[in-house]
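# Observations on chain architecture
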Amino acid sequence: MSSPCSLLECGSTDDRHFEMDDYAGKIARWCPGCGDHAILAAVHRLLAIEQLKPEKTVFVSGIGCSSRFPHYVETYGFHGIHGRALPIATGVKLARPDLDVFVTMGDGDCTSIGAGHWIHAIRYNIDMTVLLLDNNIYGLTKKQTSPTTPQGFKTNTQTKGSFLPPLNPLQTTLGVTNASFVAQTADWMPSHLAATLQAAKAHKGFSFVRILQRCPVFTPDIFAAAIKDPQVTDVLSHPDGIQDANTDKIYKSQVFHNPGDIHEARRLAEGDRVRVGLFFRDESFPRYEELRQVTKRTPEEKMAFINAELDRHAV
Ligand code: SF4
């Protein structure tokens, strides 16, 4: 576990102000042009905007190119094992609910070996910010097919082309009971990316953000059309959605979408169009860490809490 000790003088009065550079960790070892660099910059910016205390912030990852993230952020960090970022983050948050917890995963890490944890972490709805950096390939292990690899795309494990239609992480997340925040953005849309991260951080619950991420080494053309032509991308717009004037200036294909409408969110998550924005948000959904507090109450308080929960679901 890395620590932010260089930033801290434990016991000092807390009048510190943090700039973006204060959150910069080691020099990132990703390939030149990798979308992870842009996402890292956006995260540093978010931390500075929110003035998150390094000693109260934790980044948890699994294994993959994007899972090197905790090394590059000067907070606490846990570079975990493959597919297990979410259970580790769950443990951190349950033990220390006062911490701000972030999770970074790649598509292989989250949607393949980590898929079981992904589903249940969504349902638990614990308050954390979860970033899926999706480049449609296993990059660290040199171009293996991942669950999000497009059908027919040639990889080192399926040399004649990926056999199956890809898994859609947005549809999957939106299909899980208790999913409370689902958004999509892209590493090449810096302003939209920043606004989306801010909205995700502000959400009380499990904020799931899929970030379309360029891998110029192994999937250089997958997002080429969307990068070159803004018309290829639909931006979800709504007063309760992601607000970003810069995006609106460039991306003229806007789709009015109420992020309170789960059915429409699921419909919009289908198909081949690139859609960015807030698909769904509902802060009223129960959070596991809140429900768990019931065990710390008196018997009378427990009964009152349980009755209130039952009443909430009465039909
Ligand atoms: Fe980024 Fe791809 Fe290089 Fe991995 S292999 S660091 S995802 S460009």
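## What to know about the site of the ligand
- Taken together, Trp30, Cys31, Cys34, Cys65, Asn135, Gln213, Cys215, Pro216, Val217 and Phe218 are the residues near the ligand.
- The class makeup of the residues in the shell around the ligand is 8 nonpolar, 2 polar and no charged.

## Observations concerning the sheet that holds strand β5 (residues 181-186)
- Ordered by their spatial adjacency, 9 strands build an open sheet running β2-β1-β3-β4-β6-β5-β9-β7-β8, and the pairing between neighbours is mixed. Looking at which strands have only one partner, the edges of the open sheet turn out to be β2 (76-79) and β8 (254-256). Strand-to-strand twist of the sheet, defined as the mean angle between neighbouring strand axes without regard to direction, takes the value 20°.
- Two elements, strand β4 (residues 128-134) and strand β6 (residues 206-212), share 7 bridges in a ladder whose sense is parallel. Its bridge partner being in β6, Asp134 is matched across the sheet by Leu212.
- Each of β3 (100-106), β4, β5, β6 and β9 (274-281) touches helix α6 (residues 190-202); the most contacted strand, β5, lies at about 160° to it.

## Looking at the pairing of β6
- Taken across its 7 residues, β6 has 7 buried, putting it largely inside the fold.
- Neither face of β6 is left uncovered, since the one carrying Phe206, Phe208, Arg210 and Leu212 and the one carrying Ser207, Val209 and Ile211 both have all their residues buried.
- For β5 and β6, the ladder comprises 6 bridges, and the chain directions are parallel. By the bridge assignment, Gln184 is partnered in β6 with Arg210.

## Some thoughts on the environment of Arg312
- Relative to the helices and strands, Arg312 is located in helix α11 (residues 299-312).
- Dropping the residues within four chain positions of it, Arg312 is found in contact with Ser284 and Pro286.

## Things to note about the packing of aromatic side chains
- Within this structure, the stated rule accounts for 9 aromatic pairs.
- Measuring from centroid to centroid gives 4.9 Å for Trp30 and Tyr72, while their planes differ by 85°, and the two rings are edge-to-face. One end of the pair, Trp30, is in the segment before α1 (35-50); the other, Tyr72, is in the loop between β1 (57-61) and β2, and 42 residues separate them in sequence.
- Given a relative accessible area of 8%, Trp30 falls into the buried group.
- Overall, Tyr72 belongs to the buried group, its relative accessible area being 1%.
- Taken together, the ring pairs connect Trp30, Phe59, Phe69, Tyr72 and Phe102 into an aromatic cluster.

## Observations regarding α1
- Here α1 contains 16 residues, and its C-alpha end-to-end distance of 23 Å stays within 8% of the 22 Å for a straight helix at 1.5 Å per residue.
- If you check which residues of α1 are buried, you get Gly35, Asp36, Ile39, Leu40, Ala42, Val43, His44, Leu46, Leu47 and Ala48.
- Contact partners of the buried residues in α1: β1, β3, β4, α6 and β6.
- Positive phi shows up at Gln51, right after α1, with a value of about 50°.

Conventions we followed
- Residues numbered from 1 in each chain as written.
- Predicted model: local features only at pLDDT ≥ 70, side-chain atom pairs only at ≥ 80, totals over all residues.
- Heavy atoms only, no water.
- Near = heavy atom within 4 Å.
- Nonpolar A, V, L, I, M, F, W, Y, C, P; charged D, E, K, R; others polar.
- Pairing = 2+ DSSP bridges.
- Helix = DSSP H or I, 4+ residues; strand = E, 2+ residues; numbered from the N terminus.
- Axes fitted to C-alpha atoms, helices over the stretch in contact; angles between N-to-C directions.
- Contact = heavy atoms within 4.5 Å.
- Buried < 20%, exposed > 50% of the residue type's maximum accessible area, 1.4 Å probe, protein only.
- Phe/Tyr/Trp six-rings, centres within 6.5 Å; stacked < 30°, edge-to-face > 60°.
- Expected span 1.5 Å × (residues − 1).

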